Amino acid sequence: MPIKSDPGHVGRAWISPAGPVVAGQLGTWTVTYEVGAYGYDERARLKIAWRFASDWGTPQIKDPRGRNYTTIRLETRCPTAVADLAVEPRGQVRPWFKTLVASVADGSLYPGDRIHVTIGDTTGGGDGSRAQTFRERGCEWRIFVDPFGTELYTALEVSPRLDVVGGALHRLVVVAPTTVRPGEPFDALVKAEDLWGNPCERFEGEVAVEAVGAAVPGLPRAVRWRSGEVAVARLAGLRVTGGETRLRVSGPGPAAESNLIRALAPGEAKTFWGDLHGQTRATVGTGTIEEYFAFGRDVALLDMMCHQANDFQITEDE
């Protein structure tokens, strides 16, 4: 008979701190698992898993002074139980390949006992663990539990999640169509990016916008963002009547120019840009399908996109 997967029976887990994480930052996070009514048998195992596509710093358990040092601690009424921690690069079913494995020996755990796994432990002199370098809403650390030591794992109904957000300003970026029809409206994007190429979410300021070359009617003189906002501005309804031009932005940090924007001659074919192979958390990637298309439209200014999911894994609804 399948075991019950509710928190009362298989337990529950949470992560602290649970607040937003700036992409690529160093930090320390503790995942805590609380044993449910089934208990936790000797040689039972718990797996904390990351997605295949995550580039979160790889945990290591040998060097307390090194980056990504990871430790385990028991909080139990069993006086003899000890905990062991291992890293398994392919420890679960795709896409949950990257795993930390917590095992208990010389005793069992009681309901209510806890296992604490600290990722980026700095008590030995290390500088913490590096968070993944790309933005993701609801970055999940999935918890798989085998309370009876049978190597049959049940995923917790609710696993810890964190929001990974963009950081501080590293550079300005301007993106525009390569070719446009004379006099027809087009859109361009101005972005403030962090060190890893994410749209900033920790930047506040104004940048000036100008055309370098042919005039661009409808071009605003400046855009402004507040900290906490995604620093992407769409410049809609722009026009070029002929010739070539670029858009230039300046403000904090070095100025930036767009790609060349060229007005087409009569009958000349237009250029379009797209991404024909993108994956999401529906298969081995990250983010939702809706977020994938929204990023292409609103952040990358693409004309066309394709969700290239693996047919053996994607559901009918997806």
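This text goes with the structure placed above it.
What counts and what doesn't
- Residues numbered from 1 in each chain as written.
- Predicted model: local features only at pLDDT ≥ 70, side-chain atom pairs only at ≥ 80, totals over all residues.
- Heavy atoms only, no water.
- Helix = DSSP H or I, 4+ residues; strand = E, 2+ residues; numbered from the N terminus.
- Rg over C-alpha atoms; globule rule 2.2 N^0.38 Å.
- Buried < 20%, exposed > 50% of the residue type's maximum accessible area, 1.4 Å probe, protein only.
- Contact = heavy atoms within 4.5 Å.
- Lys, Arg positive; Asp, Glu negative; His and termini not counted.
- Charge placed at Lys NZ, Arg CZ, Asp CG, Glu CD.
- Phe/Tyr/Trp six-rings, centres within 6.5 Å; stacked < 30°, edge-to-face > 60°.
- Polar contact = N/O pair within 3.5 Å; in protein donor to acceptor, adjacent residues only side chain to side chain.
- Core = buried A, V, L, I, M, F, W, Y, C linked by side-chain atoms within 4.5 Å.
- Patch = residues over 30% accessible without salt bridge, like charges linked within 9 Å, V, L, I, M, F, W, Y side chains within 5 Å.
- Areas by Shrake-Rupley, 256 points an atom, 1.4 Å probe, with all protein chains shown as cover.
- Salt bridge = Lys/Arg side-chain N within 4 Å of Asp/Glu carboxyl O.
- Pairing = 2+ DSSP bridges.
- Axes fitted to C-alpha atoms, helices over the stretch in contact; angles between N-to-C directions.
- Arc of directions from axis to C-beta.

Peer 1: Describe in detail the overall build of the protein chain, supporting the description with residues and values.
Peer 2: A count of helical and extended segments in the protein chain gives 2 helices and 25 strands. Radius of gyration (C-alpha) of the protein chain: 25 Å, far over the 20 Å computed for a compact globule of 318 residues. Projecting the C-alpha coordinates of the protein chain onto the three principal axes gives extents of approximately 80 × 45 × 30 Å. Every one of the 318 residues in the protein chain was classed for burial, and the buried ones make up 45%. Of the contacts made within the protein chain by residues no fewer than 6 positions apart, 70% connect residues no fewer than 24 positions apart. Computing the positive centroid from 35 side-chain charges and the negative centroid from 40, the protein chain places the two 4 Å apart.

Peer 1: Can you explain the packing of aromatic side chains? Please cite residues and give values.
Peer 2: Applying the stated criterion to the full structure yields 8 aromatic pairs. Note on tryptophan 50 and tryptophan 141: the rings are 5.2 Å apart at their centroids and 45 degrees apart in plane angle, and the pair reads as tilted. Here tryptophan 141 lies in the loop between strand E11 (136–140) and strand E12 (142–146) and tryptophan 50 lies in strand E5 (residues 45–50), a separation of 91 residues in the sequence. In terms of burial, tryptophan 50 and tryptophan 141 fall into one category: buried. Grouping aromatic residues by their ring pairs yields a cluster made of Trp29, Trp50, Trp56 and Trp141.

Peer 1: Tell me about the side chain of threonine 179, and name the residues and values.
Peer 2: With respect to the secondary-structure elements, threonine 179 resides in strand E16 (residues 179–180). Looking at threonine 179, its side chain comes within polar contact range of the main-chain nitrogen of threonine 271, at 2.9 Å. Ignoring sequence-local partners within four residues, the contact set of threonine 179 consists of Arg262, Leu264, Lys270 and Thr271.

Peer 1: Please provide a residue-by-residue account of the nonpolar core, values included.
Peer 2: In this structure, Tyr40, Trp56, Ile115 and Trp141 are the most contacted members of the largest nonpolar core, which totals 34 residues. Of all the secondary-structure elements, those providing two or more residues to this core are strand E1 (12–16), strand E4 (29–34), E5, strand E8 (98–105), strand E9 (114–119), E12 and strand E14 (161–165). Setting aside chain neighbours within four positions, we find tryptophan 141 in contact with Ile15, Trp29, Val31, Ile48, Ala49, Trp50, Trp56, Ile119, Ser159, Pro160 and Leu162. By size, the runner-up hydrophobic cluster in this structure holds 27 residues, among which are Ala176, Val180, Val209 and Ala231.

Peer 1: Tell me about the environment of threonine 245, and name the residues and values.
Peer 2: Tracing the chain through its elements places threonine 245 in strand E21 (residues 244–250). Exposure remark for threonine 245: the relative accessible area of 1% places this residue in the buried category. A sequence separation of 16 residues divides threonine 245 from isoleucine 261, and the C-alpha atoms of the two residues are 5.3 Å apart. Those residues within four positions of threonine 245 in sequence are excluded, and the remaining contacts are Ala211, Val212, Gly213, Ala214, Val216, Val240, Asn259, Leu260 and Ile261. A polar contact of 2.9 Å, which involves the side chain of threonine 245, links it to the backbone oxygen of alanine 214.

Peer 1: Describe a nonpolar patch on the surface, with residues and values.
Peer 2: Among the surface-exposed residues, Phe272, Leu276 and Met304 lie close enough to one another that they form a single nonpolar patch of about 320 Å² accessible area. Within the fold, phenylalanine 272 resides in the loop between strand E23 (261–263) and strand E24 (274–278).

Peer 1: Could you give an account of the sheet that holds strand E20 (residues 232–238), with specific residues and numbers?
Peer 2: An order of E15-E17-E20 is seen for the 3 strands of this open sheet, with the pairing classed as antiparallel. Lying at the two open borders of the sheet, with one neighbouring strand each, are strand E15 (171–175) and E20. For this sheet the average axis-to-axis angle between neighbouring strands, irrespective of direction, equals 15 degrees. Alignment of strand E17 (residues 186–193) against E20, held across 5 bridges, turns out to be antiparallel.

Peer 1: Just give me the short version of the sheet that holds strand E7 (residues 82–88), but keep the residues and values in it.
Peer 2: Spatially, the 5 strands line up as an open sheet ordered E7-E8-E5-E12-E13, and their pairing is antiparallel. The open sheet has two edge strands with one neighbour each: E7 and strand E13 (154–155). Note: E7 against E8, 7 bridges, orientation antiparallel. Across the sheet, the residue bridging to aspartate 84 is serine 103, located in E8.

Peer 1: Any chance you could break down the environment of glycine 36 for me, citing the residues and the numbers?
Peer 2: Secondary-structure assignment places glycine 36 in the loop between E4 and E5. A relative accessible area of 4% means that glycine 36 is categorised as buried. Through-space distance from the C-alpha of glycine 36 to that of histidine 116 is 15 Å; in sequence the pair is 80 residues apart. Apart from the residues lying within four places of it in its own chain, the contact partners of glycine 36 are Pro7, Gly8, His9, Val10, Gly11 and Pro111.

Peer 1: Pulling in residues and values, what's your account of helix H2 (residues 289–298)?
Peer 2: Turning to H2, its buried residues are Ile289, Tyr292 and Gly296. Looking down the long axis of H2, one finds its buried residues gathered within 60 degrees of arc, a one-sided arrangement. With respect to the buried face of H2, the exposed residues turned more than 90 degrees away are Glu290 and Arg297. The elements touched by buried residues of H2 are E24 and strand E25 (304–307).

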